[in-house]
Amino acid sequence: MGFVLKRLSQKNSWNKLFKQRLTEPFHLNFMAIFVLLFGSFRKKVAYDLVVRPQHAFGILHAADQAKLRGLSEITIIEFGVANGAGLMNMIAIAEKVTKITGIKIHIYGFDTGTGMPEPKDYRDHPEYYNTGDFPMNKDLLEEKIKGKATIIYGPIKANISKFLSSISEANPIGFVTIDVDYYSSTKDVLELFKFEATLFLPLTFVYLDDIFMPHHNSKCGELLAIEEFNAEEAMREISYHRFFENQRIFRNANWVKQLYYFHVLDHPYRSELKRDRKAYVLDNPYLKFEGNKKQFN
Ligand SMILES: C[S@@+](CC[C@H](N)C(=O)[O-])C[C@H]1O[C@@H](n2cnc3c(N)ncnc32)[C@H](O)[C@@H]1O
């Protein structure tokens, strides 16, 4: 209860509650009360009742996908850690996801360790972010995450290719959150998305944190970096799935518009012919034939 009151004392939480949650249909919010009290973790994810629902969705669905593919481990990454609230949230969610799916989850964070680097030009939104913003209490954070997550310190550009040795086909990347604010830093992050196809799930979830403020646009910041990546990489695509919000119970939350899909078109799974299954047959309610389930009379 104390936690709920503390959260509600923050302006951002009121905004989320009034502008995003309470604008949803009453009956859905009413049902959510029961889910909050009695629901399983999976149901709570479906009803956006987990703190940072973007992490909960991304991690749970990546683990589900891995399981379907016969894998037992995945890797998840946060780019831009700062004081670690996001990373610690990912650790807490991953523990729950492991419990219900059996999938082991390796967690990594990337950060300078000293706050934001120097912005390069207008594309880095210097009107919003400043050199040295978001410093880190390194020792305190390291003590808390010991054995649960690994933070790779330094400029992302210098560390990204070395990171290749930390992952393999047996523990592919399934969820990435990009919270580095700048265009230039996002460009460095996107080098990861050019790695070997099998180091990812064929559909990997990507959360873009810095695309929702008024000055954010596709000629600056994270969105510009994504557009350039898509233009350059013929077999890779990071895009918003236009039906994603239709698959959610609650659709007004910002995160629903910030959760992107990374399509790994050169992943072997995307070219596998499924010859070993029975052919799909479509019903026709106007016709009578054996196996036709839908009929008008
Ligand atoms: C907004 S903060 C991250 C907040 C964090 N995700 C959270 O949820 O609490 C952005 C972080 O990105 C890091 N960052 C930005 N550009 C970077 C770069 N090129 N290399 C490494 N870290 C970078 C900064 O050090 C800063 O801590």
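None of the values given here were measured: they were computed from a predicted structure.

Enquirer: Can you help me understand the domain arrangement of the chain in this one?
Expert: It is common to give the size of an interface as the accessible area that goes away when the parts come together. Domain annotation for the chain reports domain 1 (1-38) and domain 2 (55-271). In this structure, domain 1 and domain 2 have C-alpha centres spaced 26 Å apart. Listed per partner, the contact involves seven residues of domain 1 and six residues of domain 2. Carbon and sulfur atoms make up 52% of the area that domain 1 and domain 2 hide from each other, which totals about 560 Å². Contact with domain 2 buries area across many residues of domain 1, yet Gln20, Glu24 and Leu28 alone supply 79% of it, more than any other trio. Put simply, domain 1 and domain 2 have zero salt bridges between them. If you look at where domain 1 meets domain 2, you find four residue pairs in polar contact (both at pLDDT 80 or more). When residues of the side of domain 1 that touches domain 2 are traced back to their parent elements, those giving at least two are α2 (11-21) and α3 (26-38). Counting residues per element, the side of domain 1 that touches domain 2 draws most heavily on α3, which supplies three residues. When the residues that make up the side of domain 1 that touches domain 2 are grouped by side-chain class, the tally is two nonpolar, three polar and two charged.

Enquirer: Explanation requested: the site of the ligand in the structure shown.
Expert: Among the 19 residues in the neighbourhood of the ligand, the closest are listed as Arg52, Gly80, Asp111, Asp179 and Ser185. The separation between an oxygen atom of the ligand and a polar side-chain atom of Arg52 is 2.8 Å. The separation between a nitrogen atom of the ligand and a polar side-chain atom of Glu78 is 3.0 Å. Contact with the protein chains covers 92% of the free accessible surface of the ligand, which is 610 Å². Residue composition of the shell around the ligand, grouped by class: eight nonpolar, six polar and five charged.

Enquirer: What exactly am I supposed to notice about the environment of Pro126 here?
Expert: Looking at where Pro126 falls in the secondary structure, it is placed in the loop between β2 (104-111) and α7 (138-145). Residue Pro126 is classed as partly exposed on the basis of its relative accessible area of 42%. Along the primary structure Pro126 and Asp181 are separated by 55 residues, whereas in three dimensions their C-alpha atoms are 9.8 Å apart.

Enquirer: I tried to follow the pairing of strand β3 (residues 150-153) on my own but got confused; where do I start?
Expert: Successive residues of a regular strand alternate their side chains across the two faces of the sheet. Summarising the sheet, β2 and β3 pair through four bridges and their orientation is parallel. For Tyr108, the partnering residue across the bridge sits in β3 and is Thr150. This β-α-β element, β2 to α7 to β3, shows right-handed connectivity.

Reading the values: rules and limits
- Residues numbered from 1 in each chain as written.
- Predicted model: local features only at pLDDT ≥ 70, side-chain atom pairs only at ≥ 80, totals over all residues.
- Heavy atoms only, no water.
- Domains from an automatic or database assignment.
- Contact = heavy atoms within 4.5 Å.
- Buried area = accessible area lost by both parts, 1.4 Å probe.
- Salt bridge = Lys/Arg side-chain N within 4 Å of Asp/Glu carboxyl O.
- Polar contact = N/O pair within 3.5 Å; in protein donor to acceptor, adjacent residues only side chain to side chain.
- Helix = DSSP H or I, 4+ residues; strand = E, 2+ residues; numbered from the N terminus.
- Nonpolar A, V, L, I, M, F, W, Y, C, P; charged D, E, K, R; others polar.
- Near = heavy atom within 4 Å.
- Areas by Shrake-Rupley, 256 points an atom, 1.4 Å probe, with all protein chains shown as cover.
- Buried < 20%, exposed > 50% of the residue type's maximum accessible area, 1.4 Å probe, protein only.
- Pairing = 2+ DSSP bridges.
- Right-handed = clockwise from strand over helix to strand, strands pointing away.

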